[in-house]
Amino acid sequence: MNASTDDERTALVRVPVEKWDADQHMICEDDVAEEVPVALEYNGISHAVMLASPYDLEDFALGFSLSEGILKDKSELYDCEVVPGCEGIQVQMRIATERFVTLKDKRRNMTGRTGCGLCGAETLEQAIRHPQATVGQAMFSAQQIYAGMKAMKSQQRLQKHTGATHAAAWMNLDGSVDLVREDVGRHNALDKLIGAMADDKRDFTQGAALITSRASYEMVQKSATLGIGFLAAISAPTSLAIKLAEETNVTLIGFVRDQSHVVYAQAHRLIRESK
């Protein structure tokens, strides 16, 4: 399900502004995207503090845990509680002991991940993970990708209000888009989508992820970690993202517009349409 009206209200702040249009001047109010610190805690220990939109945080916590390799499966998350506070929000998770022991061995401080995918990594080994190659063979035509992007845009409620949020959407095998998540951070939006899909027990190999941002290395890394084999972005990829997509068998498409796109890696999942 998409964000409810109540969820949208918690992610918006109305502020006084001055609007100028040529020589026209107006004093009014405007809706801006809410951004708050969100602390992710595992078994009572704080692991990361992120800047995020304050809704769909259960999805965010589960998706982050899976895409970062902290959990291998949703079943290893025993409990998740969102606790608002004066300075931000705590998401308190209780996870399987085995996973928590492994996490403690790899602990790092990743404050501010919305701006830099590798912030807080202490070693190159921590920063550059190499997921297994994806095996999904979901294929899509260019027209399905274009239509999917339009469908995602039509469901970006917070973006329509604020112009300040990213989105990640899931496109099913038939080309339909019925699951969209938004956040001020592009990584967070994808994590929220991953969490929502895991909670709904969806098959990550049977579809494509669509994103409204550039395709950074970490976006490919998160996708590959979950077995998503098709990633399409509105903007450009980076060289490291392309390298990882080739390594992990992820079809990577960028610069998706109304009737154009660029394929950067693993073009075999793109259906060639006869003219």
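Everything numeric in this text was worked out from a predicted model, so none of it was measured.

### Notes on the packing of helix α7 (residues 186–199) against helix α8 (residues 217–226)
At a minimum axis distance of 10 Å, the contact between α7 and α8 shows a crossing angle of 10 degrees. Put simply, α7 runs roughly parallel to α8. Judged by residue contacts, Arg186, His187, Leu190, Asp191 and Ile194 of α7 engage Glu218, Met219, Lys222, Ser223 and Leu226 from α8. Along the lines of polarity and charge, the residues of the contact of α7 with α8 split into four nonpolar, two polar and four charged.

### Focus: the nonpolar core
General note: in soluble globular proteins, nonpolar side chains tend to be found buried as a group. Counting residues in hydrophobic clusters, the biggest one holds 50 residues, and the most contacted among them are Val38, Leu40 and Tyr42. Once you skip the residues sitting within four places of it in the chain, Val38 turns out to touch Ala48, Val49, Met50, Ala52, Leu57, Phe60, Ile89 and Val91. Phe140, Tyr146, Ala208 and Ile253 belong to the second largest nonpolar core, which has 19 residues in total.

### Regarding the confidence of the model for the protein
Mean pLDDT over the protein works out to 90, with 88% of the residues at or above the 70 mark. Contacts of residues 1–6 to residues separated by more than four positions or lying in other chains number 11 contacts, the stretch itself having pLDDT below 50. The low-confidence segment residues 109–115, where pLDDT is below 50, has 24 contacts with residues more than four positions distant or belonging to other chains.

### Points about the sheet that holds strand β13 (residues 262–265)
Overall, mixed pairing links the six strands, which are arranged β9-β8-β10-β11-β12-β13 in an open sheet. Each having just a single partner strand, β9 (177–183) and β13 make up the two edges of the open sheet. Sheet twist, expressed as the average angle between the axes of neighbouring strands with direction ignored, equals 20 degrees. Taken together, the three bridges between strand β10 (residues 208–211) and strand β11 (residues 230–233) define a ladder with parallel strand orientation. Residue Ala209 lies in a different strand from β11, and its bridge partner there is Leu231.

### Digging into helix α3 (residues 97–105)
Given 3.6 residues to a turn, an α-helix orients residues that are three or four positions apart in the same direction. For α3, the set of buried residues is Arg99, Phe100 and Leu103. On an axial view of α3, the arc spanned by its buried residues comes to 100 degrees, and they lie on one face. Residues Thr97, Glu98 and Asp105 are exposed on α3 and point more than 90 degrees away from its buried face. Check the buried side of α3 and you find it contacts β3 (36–42), β4 (45–52) and β6 (89–95).

### Quick word on the pairing of strand β1 (residues 12–21)
Within β1, only one of the 10 residues are buried, leaving the element largely exposed. Of the pairings in the sheet, the one linking β1 to strand β2 (residues 24–33) comprises 10 bridges and is antiparallel in character. Note that in β2 the partner of Lys19 across the bridge is Met26. Linkage of β1 to β2, two consecutive antiparallel strands, is achieved through a turn of two residues, within which Ala22 is found at a positive phi near 55 degrees.

### Some remarks on the sheet that holds β6
Strand order in the open sheet formed by four strands is β4-β3-β6-β5, with mixed pairing between adjacent strands. For this open sheet the edge positions go to β4 and β5 (77–84), each flanked by a neighbour on one side alone. Strand-to-strand twist in this sheet, taken as the mean axis angle between neighbours without regard to direction, amounts to 20 degrees. As defined by bridge partners, β3 adjoins β4 across seven bridges and the pair is classed as antiparallel. What sits directly across from Pro37, in β4, is Leu51. Lying on the sheet, α3 is in contact with β3, β4 and β6; it crosses β6 at an angle near 120 degrees.

### A few points about unusual backbone geometry
A positive phi angle, near 55 degrees, is found at Asp56, a position not held by glycine. With respect to the helices and strands, the residue Asp56 is situated in the loop between β4 and α2 (57–67). In this structure, Phe255 takes a positive phi of about 50 degrees despite not being glycine. Among the secondary structure elements, Phe255 is positioned in the loop between β12 (251–254) and β13.

### Re the packing of aromatic side chains
Enumeration according to the criterion identifies two aromatic pairs in this entry. Measuring from ring centre to ring centre gives 5.3 Å for Phe140 and Phe230, while their planes differ by 85 degrees; the resulting arrangement is edge-to-face. Of this pair, Phe140 sits in strand β7 (residues 140–141) while Phe230 sits in strand β11; the two residues are 90 residues apart in sequence, bridging distant segments of the chain. Residue Phe140 shares its accessibility class with Phe230, and that shared class is buried. The residue whose ring lies beneath Lys192 is Tyr55, and the NZ or CZ to ring-centre distance is 4.2 Å.

Reading guide: rules and limits
- Residues take numbers from 1 onward in each chain, read along the sequence in its written order.
- The model is predicted, so local features are restricted to residues of pLDDT at least 70 and side-chain atom pairs to those at 80 or more, both for listing and for counting; the totals for chains, interfaces and linings are taken over all residues.
- As a rule here, side-chain values come from all non-hydrogen atoms in the structure, and water together with hydrogens is ignored.
- Every axis corresponds to a line fitted to the C-alpha atoms, with the helix fit spanning only the stretch in contact, and the corresponding angles, defined between N-to-C directions, vary from 0 to 180 degrees.
- Put simply, DSSP marks the helices as runs of H or I at least four residues long and the strands as runs of E at least two long, and each gets a number from the N terminus on.
- Small angles under 35 degrees read as roughly parallel and large ones over 145 as roughly antiparallel, with 65 to 115 read as roughly perpendicular and the rest as oblique.
- In what follows, a contact means two residues having at least one pair of non-hydrogen atoms within 4.5 Å.
- Throughout this entry, Asp, Glu, Lys and Arg are counted as charged residues, while Ala, Val, Leu, Ile, Met, Phe, Trp, Tyr, Cys and Pro are counted as nonpolar. The remaining residues, Gly among them, count as polar.
- In these notes, a set of buried Ala, Val, Leu, Ile, Met, Phe, Trp, Tyr and Cys residues joined through side-chain atoms within 4.5 Å is what counts as a nonpolar core.
- For the exposure calls, accessible area comes from a 1.4 Å probe over protein chains only, and a residue counts as buried if that area is under 20% of its type's maximum, exposed if over 50%, partly exposed in between.
- As a per-residue quantity, pLDDT reports the predictor's confidence and falls between 0 and 100.
- When DSSP finds two or more bridges between two strands, those strands count as paired.
- Arc definition: it is the arc formed by the directions from the helix axis to the C-beta atoms.
- Centres within 6.5 Å are what make two rings of Phe, Tyr or Trp a pair, Trp counting through its six-membered ring; a difference in plane orientation under 30 degrees is then read as stacked, over 60 as edge-to-face, and the rest as tilted.
- A ring has a charge above it when a Lys NZ or an Arg CZ is no more than 6 Å from the ring centre and no more than 35 degrees off the ring normal.

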